[in-house]
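# Descriptive analysis of the structure
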Amino acid sequence: MAASSSLLTYSLQGHVSTPNTIKFREGFMYGNLYSSTNSKYLTNPKFLHNRNSSKLENFDKSSVRNEILCRALEIENSISPVLVSKKFELDDVIEAQQFDRETLNYIFDVALDMEKIEKGSSKSQMLKGYLMATLFYEPSTRTRLSFESAMKRLGGEVLTTENAREFSSAAKGETLEDTIRTVEGYSDIIVMRHFESGAARKAAATASIPIINAGDGPGQHPTQALLDVYTIQREIGKLDGIKVGLVGDLANGRTVRSLAYLLAKYQDVKIYFVSPDVVKMKERFGERIDLYEQARGKYIVDTNVLKVMQKKAVVMHPLPRLDEITVDVDTDPRAAYFRQAKNGLYIRMALVKLLLLGW
Amino acid sequence: MAASSSLLTYSLQGHVSTPNTIKFREGFMYGNLYSSTNSKYLTNPKFLHNRNSSKLENFDKSSVRNEILCRALEIENSISPVLVSKKFELDDVIEAQQFDRETLNYIFDVALDMEKIEKGSSKSQMLKGYLMATLFYEPSTRTRLSFESAMKRLGGEVLTTENAREFSSAAKGETLEDTIRTVEGYSDIIVMRHFESGAARKAAATASIPIINAGDGPGQHPTQALLDVYTIQREIGKLDGIKVGLVGDLANGRTVRSLAYLLAKYQDVKIYFVSPDVVKMKERFGERIDLYEQARGKYIVDTNVLKVMQKKAVVMHPLPRLDEITVDVDTDPRAAYFRQAKNGLYIRMALVKLLLLGW
Amino acid sequence: MAASSSLLTYSLQGHVSTPNTIKFREGFMYGNLYSSTNSKYLTNPKFLHNRNSSKLENFDKSSVRNEILCRALEIENSISPVLVSKKFELDDVIEAQQFDRETLNYIFDVALDMEKIEKGSSKSQMLKGYLMATLFYEPSTRTRLSFESAMKRLGGEVLTTENAREFSSAAKGETLEDTIRTVEGYSDIIVMRHFESGAARKAAATASIPIINAGDGPGQHPTQALLDVYTIQREIGKLDGIKVGLVGDLANGRTVRSLAYLLAKYQDVKIYFVSPDVVKMKERFGERIDLYEQARGKYIVDTNVLKVMQKKAVVMHPLPRLDEITVDVDTDPRAAYFRQAKNGLYIRMALVKLLLLGW
């Protein structure tokens with residue numbers, strides 16, 4: 001369980017106030033397996049602690065054998081919300097674990113207000129005169145446009161660069177700290193995308209203006225995690241007592257990691273990490289790209305999967321998607337991924353408002 | 001006549017309501033030929049149906065022999081304006097043939113109003129709160145700046161990317177439809193430049209907000225065609241009964257094709273397609289690049305050409321120019337190409353206004 | 001003294017109204033030499049005309065021998081300010097020598113006002129409705145962001161391109177003049193960065209709107225020079241009677257050249273040009289890159305240098321810095337380089353205000 005369990009350990013280690021209430025269970029998902037051309041799916045999925053458990057007797061074992069590439073890890077927490085003294089005093093947005101539950105609720109309330117702002121209203125000009133600098137050391141047009149839209153929807157202005165790597169290029173050779181000291185002279189808030197884990201924290205330590213981490217290499221992407229959790233609340237109506245399946249290449253996904261941090265703040269959340277075994281293999285035998293490619297496309301959400309999915313379920317995706325979700329799923333009301341992208345706008349509007357005008 | 005005639009057939013096929021009123025005539029331009037170092041030109045040019053016609057007796061045949069690389073195709077139409085029920089209901093700007101005459105007139109009236117908007121006036125803020133996304137899959141700084149200027153001149157804001165190809169790059173692999181669904185969540189109107197013909201139509205089929213085609217590969221560039229026709233009206237004062245010579249590499253020019261679509265909407269327009277024969281040859285023998293290079297620079301507008309040109313003639317060019325027009329022509333009042341570029345701003349202001357605030 | 005003296009000659013030739021008051025003295029800097037791991041420095045530095053002067057007897061000659069790579073050139077001017085008839089009629093900002101003393105003072109007064117503009121005030125919207133085009137033929141994110149911030153801090157808007165080279169690319173092949181004529185149709189002021197010396201002047205000769213030179217190849221970078229002089233005035237309180245040491249690769253620095261032009265406008269300014277001899281050698285023997293690399297890092301300002309520096313001295317740097325100034329210097333009140341960068345914003349705000357709204 002190298003991939004998933006190391007992920008999980010990393011995710012929750014040291015960031016949970018009452019760790020003794022978390023239950024870890026490693027095992028397999030089982031159920032009545034159906035196969036179609038593009039995907040496999042289970043009806044009434046259940047978590048199986050021990051593969052040789054007698055419960056398996058009730059199921060078609062051959063189906064389970066077909067699932068050999070899949071393992072699941074269940075966690076369940078019952079964490080009470082912890083009030084921290086620093087609440088509503090966030091100066092920067094650096095990583096998911098900096099938010100406590102109360103702060104999250106407050107951000108979500110502000111995000112909901114943002115959905116209602118109308119063109120031409122005074123609220124749509126609340127950031128007039130403020131300047132955001134988007135400092136992207138690697139291109140990420142989607143994320144950049146979302147932040148810039150957030151700023152401009154509130155009447156603020158933006159200085160853009162997708163060329164920030166030029167600052168630290170061989171020819172110019174400037175340290176990140178020097179770049180930040182220069183750019184903070186031109187702007188009121190910096191949204192930074194960097195290729196190195198920890199870069200955002202380093203920038204925040206230097207800057208006298210707010211820094212928002214828009215992804216720092218394999219590290220964190222906290223606003224993505226915030227919009228994921230906000231989307232669950234908007235779609236399901238609650239965050240306590242939910243069951244979340246995280247599917248895919250969990251070992252390499254900073255999106256999943258940041259999300260796991262946030263979900264651990266809520267009560268009785270069950271998270272199922274479902275990933276191909278080959279992702280583990282890939283870790284142990286890095287050269288086995290062939291196995292990874294073989295596993296790709298094994299987990300596809302299509303209309304057959306929708307048929308056996310609960311009516312109140314929600315299908316989310318950080319986008320861009322490749323073949324993980326077929327396009328005929330898009331029209332299903334449970335397909336939330338484009339609403340999720342839009343929620344990213346509202347979350348980012350809320351964050352820039354809170355960081356610039358106060359909590 | 002492969003090049004020109006196939007172009008023309010393509011241009012008008014199926015888009016003309018009264019095709020029987022069009023006359024096609026293939027032949028040669030003739031006149032008194034003058035040669036200078038850089039160019040050849042004819043005084044009193046006339047269209048000659050049959051090269052062996054007796055009319056040629058009146059002219060210096062050696063001159064005509066010198067013109068062997070040039071052929072011309074004349075068309076004349078007398079189309080009545082057709083009122084279509086869809087008028088003033090355009091949701092997108094995708095291709096030249098979507099506009100009927102009445103819609104064109106309306107757009108031109110709005111463009112004329114745009115010329116008069118003054119800084120600091122309330123009209124200069126009519127698009128306050130609106131967001132345009134310029135989604136360029138290939139760089140075209142000139143076109144992008146024109147659209148962004150149009151939006152900002154009306155108080156609107158812009159999200160820019162010349163890096164849109166990143167969305168669909170190998171690593172990200174997103175479909176155009178998914179990209180559009182994401183970007184429409186951040187903006188109110190999308191101006192798209194793409195490298196594939198038909199991309200704009202595909203985007204418009206997906207989007208719930210207006211799409212403007214800023215060029216899709218070898219396909220269309222409708223706003224360029226609109227500004228060309230608007231420029232003729234502004235310079236000449238009318239569009240019916242005009243004579244237009246389209247000179248150059250007609251086979252490869254989407255600008256010329258889109259323009260031909262629009263000119264076909266007006267009455268008694270005579271269009272002369274003038275192109276080097278080698279452009280045809282290039283089509284049949286793609287490898288004869290040497291011939292094409294040989295033909296390049298054969299049609300140069302210089303001050304000698306101006307001398308024999310009508311006083312009320314207009315010299316237009318989509319820009320950028322290479323050596324087709326010499327710089328000493330720029331000061332001549334008939335040189336309209338920089339005014340033409342400026343007209344592009346007014347046309348685009350009119351279009352974004354109409355698409356966002358209504359027709 | 002090839003490097004420095006040719007620089008100096010070039011700097012002042014023809015631009016000084018009373019050249020007979022300038023004294024040139026070539027020689028060496030001497031003093032009590034201290035060495036640390038990273039740098040060498042002199043206490044109570046004095047200028048020595050003749051290396052074999054008897055004054056050297058008072059010093060440790062071995063120290064001076066250690067300084068063999070360093071030579072200095074002192075100039076002293078006592079120029080009276082000259083009132084020129086063109087004052088306050090600048091239409092463009094092209095080169096440092098176009099400014100007379102009175103104009104400089106006026107610009108600095110406006111820049112000081114700019115420091116006091118508050119968010120939401122009417123002054124912060126003085127350029128509302130105005131459009132700047134930043135036309136960068138080579139990327140310079142720092143300079144571009146500074147100009148764009150200046151424009152937006154005053155309520156103006158910006159059309160951005162770091163891709164301007166596309167205009168003149170092999171495929172498009174447009175002349176700079178044609179590009180300017182097109183872009184001036186979209187904007188009210190153009191800030192241009194170009195890779196060729198003289199490009200800004202050429203653009204200004206064509207344009208009917210103001211051009212600001214944001215660096216043209218090895219030529220000029222006048223706004224950098226203006227902010228340097230403004231910083232001296234802000235830090236020291238005066239410009240007459242000051243002593244300025246210009247240290248580094250003087251032969252290749254357009255920043256230094258533009259600054260020398262401006263300092264020559266003030267009275268009793270002593271400028272010490274201090275550069276490694278190898279920079280000269282590099283000029284005579286261009287292949288001796290090894291010597292240049294050897295010289296690099298010889299002049300490092302660190303805390304040891306600060307200890308022997310005057311209390312009212314100012315350490316400036318155009319940024320980005322490599323290893324010329326150690327980071328522990330940053331907290332010293334005499335370290336002015338980040339304030340200097342910020343002053344660049346105020347100077348540029350002043351310039352766009354003056355060029356767009358009048359002098």
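It should be emphasised that the depicted structure is a prediction, and the values quoted were computed from it without experimental measurement. (Residues numbered from 1 in each chain as written. Chains lettered and ligands numbered in written order. Predicted model: local features only at pLDDT ≥ 70, side-chain atom pairs only at ≥ 80, totals over all residues. Heavy atoms only, no water.)

### Remarks on the overall build of chain A
Using the following cut-off: Numbering goes from the N terminus for both helices and strands, where a helix is a DSSP run of H or I of at least four residues and a strand is a run of E of at least two. When a residue's accessible area, from a 1.4 Å probe over protein chains only, is under 20% of the maximum for its type it is buried; when over 50% it is exposed; and in between it is partly exposed. Contacts are assigned to residue pairs with any non-hydrogen atoms lying within 4.5 Å of each other. All accessibility values rest on the Shrake-Rupley procedure with a 1.4 Å probe; residue burial counts only the protein chains present in the view.
Scanning chain A from terminus to terminus reveals twelve helices and nine strands. Counting every position in chain A, which comprises 359 residues, the buried fraction comes to 55%. Put simply, of all contacts in chain A between residues at least 6 apart along the chain, 69% involve residues at least 24 apart. About 15,100 Å² of surface is accessible on chain A, with carbon and sulfur atoms providing 49% of the total.

### Notes on the domain arrangement of chain A
Residue and element names in this part refer to chain A. Definition in use: Annotation comment: domain bounds sourced from an automatic or database domain assignment. When two parts are brought into contact, each loses some accessible area as probed by a 1.4 Å sphere; the total of that loss over both is the buried area. The term salt bridge refers to a pairing of a side-chain nitrogen on Lys or Arg with a carboxyl oxygen on Asp or Glu at a separation within 4 Å. Within 3.5 Å is the distance limit for a polar contact, defined as a pair of N or O atoms, with the added protein rule that one can donate a hydrogen and the other accept it, and that residues adjacent in sequence qualify only through two side-chain atoms.
When the domains of chain A are assigned, the result is domain 1 (101-220 + 344-357) and domain 2 (224-342). Residue-level contacts link 21 residues of domain 1 with 22 residues of domain 2. Interface area for domain 1 against domain 2, summed over the two sides, is near 1,900 Å², with a carbon-plus-sulfur share of 52%. Seen at the junction of domain 1 and domain 2, the total is two salt bridges. One salt bridge connects R234 with E115, and the closest N-O pair in it is separated by 2.8 Å. If you look at where domain 1 meets domain 2, you find ten residue pairs in polar contact (both at pLDDT 80 or more). Only α3 (101-115), β7 (211-216) and α12 (337-357) provide two or more residues apiece to the side of domain 1 that touches domain 2. Tallying contributions element by element places α3 first for the side of domain 1 that touches domain 2, with seven residues.

### Observations concerning the relation of the copies chain C and chain B
Here is the rule we go by: When the copies are overlaid, the least-squares fit takes in C-alpha atoms only where the residue has pLDDT of at least 70 in both copies.
Mapping chain C onto chain B is achieved by rotating through 120 degrees and translating by 0.0 Å along the same axis, at an RMSD of 0.0 Å. Here the two chains are linked by the operation of a three-fold rotation axis.

### A word on the interface of chain C and chain B
The condition is simple: Each residue gets one of three labels, nonpolar for Ala, Val, Leu, Ile, Met, Phe, Trp, Tyr, Cys and Pro, charged for Asp, Glu, Lys and Arg, and polar for the others, Gly among them.
Tallying the contact residues gives 23 residues for chain C and 25 residues for chain B. Summed over both sides, the interface of chain C with chain B buries roughly 2,200 Å², with 52% coming from carbon and sulfur. Across the contact surface, chain C and chain B share six salt bridges. Taken together, chain C and chain B are joined by twelve residue pairs in polar contact (both at pLDDT 80 or more). Breaking the side of chain C that touches chain B down by element, the ones donating at least two residues are β5 (157-161) and α5 (176-183) of chain C. Counting residues per element, the side of chain C that touches chain B draws most heavily on β5 of chain C, which supplies five residues. In terms of residue class, the side of chain C that touches chain B is built from seven nonpolar, eight polar and eight charged.

### Some points on the environment of D91 of chain C
Residues and elements named next belong to chain C. Structurally, the position occupied by D91 is in the loop between β3 (70-78) and α3 (101-115). With a relative accessible area of 57%, D91 lands in the exposed category. In this structure, the C-alpha to C-alpha distance between D91 and G358, residues 267 residues apart in sequence, is 9.2 Å. D91 has contacts with P210, I211 and L355, leaving out every residue within four places of it along the chain.

### Concerning unusual backbone geometry
All names here are of chain A. The step from L319 to P320 runs through a cis peptide bond, and the omega angle for that step is 0 degrees. Within the secondary structure, P320 is located in the loop between α11 (303-308) and α12. Although it is not a glycine, L319 adopts a positive phi angle of roughly 60 degrees. Within the secondary structure, L319 is located in the loop between α11 and α12. Overall, the relative accessible area of 8% leaves L319 in the buried class.

### Things to note about the pairing of strand β4 (residues 131-136) of chain C
All names here are of chain C. Formally: Every crossover in which the path from the first strand over the helix to the second runs clockwise, viewed with the strands pointing away from the viewer, is termed right-handed. In this description, strands pair whenever DSSP reports at least two bridges between them.
Along β4, six of the six residues are buried, which leaves the element largely enclosed by surrounding structure. Side-chain alternation along β4 places L131, A133 and L135 on one buried face and M132, T134 and F136 on a second face that is also buried. This β-α-β element, β4 to helix α4 (residues 141-153) to β5, shows right-handed connectivity. Sheet topology places β4 next to strand β6 (residues 189-194); five bridges connect them, and they run parallel. Bridged to M132 within β6 is I189.

### Some remarks on the relation of the copies chain C and chain A
Aligned on chain A, chain C shows an RMSD of 0.0 Å; the corresponding rotation is 120 degrees and the shift along the axis is 0.0 Å. Taken together, the interface assignments show that only 8% of the residues at the interface of chain C recur at the interface of chain A, consistent with different surfaces on the two copies.

### Topic: the side chain of E166 of chain A
As for its placement among the helices and strands, E166 of chain A is situated in the loop between β5 (157-161) and α5 (176-183). Here the side chain of E166 of chain A touches T141 of chain C through a polar contact of 2.6 Å, side chain to side chain.

### What about the packing of aromatic side chains?
Pairs of aromatic rings are described using the distance from one ring centre to the other and the angle between the two planes. In plain terms, the rule: Aromatic pairs are defined between Phe, Tyr and Trp rings, using the six-membered ring for Trp, whenever the two ring centres lie within 6.5 Å; interplanar angles under 30 degrees are classed as stacked, those over 60 as edge-to-face, and all others as tilted. Only Lys NZ and Arg CZ are tested; either one counts as a charge over a ring when it is within 6 Å of the ring centre and within 35 degrees of the ring normal.
What the rule picks out here adds up to twelve aromatic pairs over all chains. Here Y137 of chain C and F195 of chain C contribute two aromatic rings whose centre-to-centre distance is 6.3 Å and whose plane-to-plane angle is 65 degrees, an arrangement assigned as edge-to-face. Of this pair, Y137 of chain C sits in the loop between β4 and α4 while F195 of chain C sits in the loop between β6 and α6 (199-206), and the two are 58 residues apart along the sequence. When the ring centre of F147 of chain A is taken as reference, the NZ or CZ atom of R348 of chain A above it lies at 4.8 Å.

### Considerations on the sheet that holds strand β4 (residues 131-136) of chain B
All names here are of chain B. Stated formally: Whenever a helix is involved, its axis is fitted only over the stretch in contact; in every case the axis is a line through C-alpha atoms, and angles between N-to-C directions fall within 0 to 180 degrees.
Judged by pairing direction, the sheet is parallel, and its four strands sit side by side in the order β5-β4-β6-β7 without closing on themselves. Only two strands of the sheet have a single partner each, and these edge strands are β5 (157-161) and β7 (211-216). Taking each pair of neighbouring strands and ignoring which way they run, the sheet shows an average axis angle of 15 degrees. Sheet topology places β4 next to β5; five bridges connect them, and they run parallel. Note on β5: the bridge partner recorded for L135 is T161. Relative to the sheet, helix α12 (residues 337-357) contacts β4, β6 (189-194) and β7, its axis offset from that of β6 by approximately 130 degrees.

### Some words on the pattern of salt bridges
Scanning the model with the defined rule gives 48 salt bridges over all chains in all. In this structure, the salt-bridge partner of D188 of chain B is R153 of chain A, at a minimum N-O distance of 3.0 Å. Here D188 of chain B is found in the loop between α5 (176-183) and β6, whereas its partner R153 of chain A is found in helix α4 (residues 141-153) on a different chain. Across the pair, exposure class does not vary: D188 of chain B and R153 of chain A are buried alike. One salt bridge in this structure joins D178 of chain C and R181 of chain C, with 3.2 Å as the shortest N-O distance. Placement of both D178 of chain C and R181 of chain C in helix α5 is noted, with a separation of three residues, approximately one turn of the helix. Since its relative accessible area comes to 2%, D178 of chain C is described here as buried. Take R181 of chain C: its relative accessible area is 27%, and that puts it in the partly exposed class. Residues joined by salt bridges that share partners form a network here, namely D178 and R181 of chain A together with R321 and D330 of chain C.

### Some points on the packing of helix α7 (residues 222-236) of chain C against helix α12 (residues 337-357) of chain C
Residues and elements named next belong to chain C. Stated precisely, the cut-off is as follows: Orientation labels follow simple angle bins: below 35 degrees gives roughly parallel, above 145 gives roughly antiparallel, 65 to 115 gives roughly perpendicular, and whatever is left gives oblique. Put simply, a crossing is left-handed when the front helix is turned counterclockwise from the back one by less than a right angle, and right-handed when it is turned clockwise.
Running from amino to carboxyl end, α7 crosses α12 at an angle of 115 degrees, the nearest separation of the two axes being 8 Å. With respect to each other, α7 and α12 are oriented roughly perpendicular. When the axes of α7 and α12 are compared, the crossing they make is right-handed. The segment α7 lies against α12, with T223, Q224, L226, L227, D228, Y230, T231 and E235 engaging R339, Q340, N343, G344, I347, R348 and L351. In terms of residue class, the contact of α7 with α12 is built from five nonpolar, six polar and four charged.

### Looking at the interface of chain C and chain A
Listed as interface residues are 25 residues of chain C and, on the opposing side, 23 residues of chain A. Roughly 2,200 Å² is buried in total at the junction of chain C and chain A, and carbon and sulfur atoms are behind 52% of that figure. At the junction of chain C with chain A, the criterion picks out six salt bridges. Where D330 of chain C meets R181 of chain A, a salt bridge forms, and the shortest distance between an N and an O atom there is 3.7 Å. Along the contact surface separating chain C from chain A lie twelve residue pairs in polar contact (both at pLDDT 80 or more). Every element with two or more residues in the side of chain C that touches chain A is listed here: α4 and α12 of chain C. It is α4 of chain C that provides the largest number of residues to the side of chain C that touches chain A, a total of nine residues. For the side of chain C that touches chain A, the residue count by class is eight nonpolar, five polar and twelve charged.

### What about the sheet that holds β7 of chain A?
All names here are of chain A. Strand order in the open sheet made by the four strands is β5-β4-β6-β7, with parallel pairing throughout. In this open sheet, the two strands that pair with only one neighbour each are β5 and β7. Between one strand axis and the next, the sheet turns by 15 degrees as a mean value, whatever way the strands run.

### Description of the confidence of the model for chain A
Residues shown with low pLDDT carry predicted positions that ought not to be read at fine detail. Residues and elements named next belong to chain A. Heads up, the rule is: Every residue gets a pLDDT, meaning the predictor's confidence in that residue, from 0 to 100.
Looking at chain A, pLDDT values average 79 and 67% of them are 70 or higher. When the criterion is pLDDT under 50, residues 1-22 qualifies, and its contacts beyond four places in sequence or with other chains add up to 52 contacts. Below pLDDT 50 for its whole length, residues 80-85 participates in nine contacts with residues either more than four positions away or in separate chains. For this predicted complex, the interface confidence score (ipTM) comes to 0.82, while the overall pTM stands at 0.84.

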